[in-house]
Amino acid sequence: MHFVAEKHRPERNRNHHHLREMEESSSSVSKSFAAHSAREKRRNDDAESGGVLSQIKRTLDGSRMVAAGGGAGIIARTASAPLDRIKLLFQVQAMKSSGIEGTAYTGVGQAFAKIYREEGILSFWKGNGVNVIRVAPYAAAQLTSNDFYKSKLQDADGKLGVKERLLAGAMAGMTGTAITHPLDTIRLRLALPNHPYKGMMNAFSVVYRTEGVRALYKGLIPTLAGIAPYAACNFASYDVAKKMYYGDGSNIKQDPMANLVIGGASGTFSATVCYPLDTIRRRMQMKGKTYNGMADAMLTIMREEGMRGFFRGWTANTMKVVPQNSIRFVSYELLKSLLGCQQTKI
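All figures in this text were calculated on a predicted structure; none of them were measured in a lab. (Residues numbered from 1 in each chain as written. Predicted model: local features only at pLDDT ≥ 70, side-chain atom pairs only at ≥ 80, totals over all residues. Heavy atoms only, no water.)

**Things to note about the environment of Ser80**
Our working definition: The numbering of helices and of strands both runs from the N terminus, where a helix is a DSSP run of H or I of at least 4 residues and a strand a run of E of at least 2. Here the term buried applies to any residue with accessible area under 20% of the maximum for its type, exposed to any over 50%, and partly exposed to those in between, with areas from a 1.4 Å probe on protein chains only. We call two residues contacting when some pair of their heavy atoms lies within 4.5 Å. In the analysis that follows, any N or O atom pair within 3.5 Å is treated as a polar contact, provided that within protein one partner can donate a hydrogen and the other can accept it, and provided that, for residues neighboring in sequence, both atoms belong to side chains.
Position of Ser80 among the secondary structure elements: in the loop between helix H1 (2-79) and helix H2 (81-92). When its relative accessible area of 2% is taken as the criterion, Ser80 is described as buried. Expressed as a C-alpha distance, the spacing of Ser80 and Phe124, which sit 44 residues apart in the sequence, is 9.7 Å. Not counting residues up to four positions away in its chain, the partners in contact with Ser80 are Lys320 and Gln324. Engagement of the side chain of Ser80 in a polar contact is seen with the side chain of Gln324, the distance being 2.7 Å.

Structural data, given as structure tokens:
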């Protein structure tokens, strides 16, 4: 028995040694796996941290661009408010519901003198409070969404053709307009002389209570139909003209004075092409029954006033668009630079 025990002891030792090797190997594998898992976790944490930081950066960049767009819109609109009011009065004076005689305003100079004499200097900014409240989100949405749509429509090399610029501009214009149309309707009502409202909030309340929520969206379809080609022409012509003047690139030093001229020219061209639709939109926003739709408005104006009826206030509008469009584009670019926004390619 003792011999048998001695005989099997080396075998037990070998088994014990083999078991210890297996345990050590298993421990080594476990440690290796744990180290690998720790490295993976660190990488994932770093990636997640980088993703969060990247998302925060994109959000901050977007917020700064929105602020730049809103600020540019406010600066441009306030500077051109007197001409905007004269343009509105020219557009709606032929309608009975406006409370204005059809021949009350006959020219830009005469309109300036009449308003100043009868209502005072501050009357040129009637409705500008609503205008500023409206234009800040409108300009912010329009300008930043144009940059956004262009970034999505560019090719793999970051280049944009005229078609892509037109499409981006059209979508940007409709985005801004759809958001702010009710404020635009209230602004028009407040710009009229002898209006019955006590202020912006009162106007909203009265219109909603007496005419319903649909009254705030009167003229939205012709507005979208008008703004799409206008914004498309405006943004695209501005970009194309700048590209011709400066060349292609994202870090080109630009001349604000040259951009003022380019912005004025592109705005005048776009406004002239789309002005008839703007006149129809304004008239459809008027209080009470106006026209039975866009087609009826077009036919009625042509029949009763002729082609000139579509272009009432065009001179005042052109005088307004040149500085407004120029100031808006240049202000947007300057504010983006001051706020540290990423500059987009021309």
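**Some points on the side chain of Arg189**
With respect to the helices, strands and loops of the structure, Arg189 is situated in helix H5 (residues 162-191). Owing to a relative accessible area of 3%, Arg189 belongs among the buried residues under this scheme. In terms of polar contacts, Arg189 uses its side chain to reach the side chain of Tyr197, at 3.0 Å. Among the polar contacts made by the side chain of Arg189, one reaches the side chain of Glu211 at a distance of 3.1 Å.

**Details of the environment of Ala111**
Mapped onto the elements of the fold, Ala111 is located in helix H3 (residues 108-119). By relative accessible area, Ala111 is classed as buried at 1%. A C-alpha to C-alpha distance of 9.9 Å links Ala111 and Ala316, two positions 205 residues apart in sequence. Those residues in contact with Ala111, other than ones at most four positions away along the chain, are Ile86, Phe90 and Tyr105.

**Structural notes on empty space enclosed by the protein**
To keep it simple, the criterion reads: Grid points spaced at 1 Å over the protein atoms alone were grouped into cavities, where a 1.4 Å probe fits but cannot get out, and pockets, open sets with protein on both sides within 12 Å along at least five of seven lines, with lining residues defined by an atom within 4 Å of a point. Grid points are joined across faces, edges and corners, and a volume is the space filled by probe spheres set on the points. Note on residue categories: nonpolar means Ala, Val, Leu, Ile, Met, Phe, Trp, Tyr, Cys or Pro, charged means Asp, Glu, Lys or Arg, and polar means any other residue, Gly included.
Tallied over the entire structure, the rule returns two cavities of 30 Å³ or more. One number sums up the size of the largest cavity: a volume of about 570 Å³. Mapped by element, the contributors of at least two residues to the lining of the largest cavity are H1, helix H4 (128-153), H5, helix H7 (220-246), helix H8 (256-284) and helix H10 (314-338). Counting residues per element, the lining of the largest cavity draws most heavily on H8, which supplies seven residues. Of the residues contributing to the lining of the largest cavity, the split by class is twelve nonpolar, eleven polar and ten charged.

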